[in-house]
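# Structural features, examined
The residues making up each chain are set out below.
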Amino acid sequence: MNSESILKAVKLDLKKYTMNPATRKREVRLSELKEYFSNPEAADRILSSGRDPVVYEYYEYSVEEAVGHMTLGLTIIYPGKVGKEYFMTRGHFHQKPAAEFYLGIRGRGILLIQSEDGRTDYVELRPGIIGYVPPGWGHRTINTGRGKFIFFFAYPSDAGHDYGIVKEKGFAKIVVEEKGKPIIVDNPKYAGST
Ligand code: F6R
Ligand code: ZN
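Throughout what follows, the structure given in this document is the object of discussion. Values in this document were obtained by computation on a predicted structure and should not be read as measured data. (Residues numbered from 1 in each chain as written. Chains lettered and ligands numbered in written order. Predicted model: local features only at pLDDT ≥ 70, side-chain atom pairs only at ≥ 80, totals over all residues. Heavy atoms only, no water.)

### Looking at the pairing of strand β9 (residues 100–106)
Judged from the four bridges that link them, β9 and strand β12 (residues 130–133) form a sheet pairing that is antiparallel. Opposite Glu100, over in β12, you have Val133 as the bridge partner. Here β9 runs beside strand β14 (residues 149–156); their pairing, made up of five bridges, is antiparallel. Note that in β14 the partner of Leu103 across the bridge is Phe152. (Pairing = 2+ DSSP bridges. Helix = DSSP H or I, 4+ residues; strand = E, 2+ residues; numbered from the N terminus.)

### Here's the deal with the coordination of the zinc ion (ligand 2)
Around the zinc ion (ligand 2), the protein supplies His92 (NE2), His94 (NE2), Glu100 (OE) and His139 (NE2) as donor atoms, at distances of 2.0 to 2.2 Å. Taken together, the six donor atoms coordinating the zinc ion (ligand 2) span angles of 74 to 177 degrees at the metal, a pattern that classifies the geometry as octahedral. All donor residues of the zinc ion (ligand 2) come from one chain, and their arrangement in sequence is H-x1-H-x5-E-x38-H. Taken together, the positions of His92 in the loop between β7 (85–86) and β8 (93–94) and His139 in strand β13 (residues 138–143) put the pair 47 residues apart, joining distant regions of the chain. (Donors = N, O, S within 2.8 Å, 3.2 Å for Na, K, Ca; no water. Tetrahedral: all angles 85-135°; square planar, octahedral: opposite > 155°, others 65-115°.)

### Notes on the pattern of salt bridges
Between side chains of opposite charge, a pair can form as their charged atoms come close. Counted under the stated rule, the structure contains 10 salt bridges. One salt bridge connects Lys96 with Asp158, and the closest N-O pair in it is separated by 2.9 Å. Placement of Lys96 in the loop between β8 and β9 and of Asp158 in the loop between β14 and β15 (161–162) is noted, with a sequence separation of 62 residues between them. The exposure class assigned to Lys96 is partly exposed, which follows from its relative accessible area of 40%. Here Asp186 makes a salt bridge to Lys173, at a shortest N to O gap of 2.6 Å. Note that Asp186 is positioned in strand β17 (residues 181–186) and Lys173 in strand β16 (residues 173–178), a separation of 13 residues in sequence. Via salt bridges that share partners, Arg26, Glu32 and Arg90 belong to a single interconnected network. (Salt bridge = Lys/Arg side-chain N within 4 Å of Asp/Glu carboxyl O. Buried < 20%, exposed > 50% of the residue type's maximum accessible area, 1.4 Å probe, protein only.)

As structure tokens, this is what we get:
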């Protein structure tokens, strides 16, 4: 093997749901996400019982965060709800208008996208279904199933992440459980278009 090789086999372990090697691994717990849910008091009730569950975790692999490269990753969202609202990622826009795709691997969920002026759309992800995020659209994923929701993703490595817009305004839609089924409804806390 050439010791200067830039090619690496990146292994997605489809039994343990890990990705190796990874240049980034992150776990996000409920305490960090509390304010992103429409009912933070419901989050407080979970936290005050002494639990701070991992809501999601993700792996990323980038050769270099530079123009032309792609970052690959694996996200695992755990099953759960805060009040009626399903566990979800924080959500973000990219700093540069970059596209991204998600490939469902296990479980079921929703990829919710939102333009900066507040238009929304979504696709249901299941194993084998690909969701496409157009450049310039914010995105969040939601686990609507009873088991882990796992997907693979890829995006341009120089895209950067902007978490500020979602933190400030939220998403216009939220995904909640009603009569045992997921439904998408207006977010009562949405702070309007940009
Ligand atoms: C990367 C991307 C996904 C998410 C991951 C966690 O651009 O869209 O990999 O980063 O699912 O979500 P956030 O980054 O919103 O915490
Ligand atoms: Zn993204």
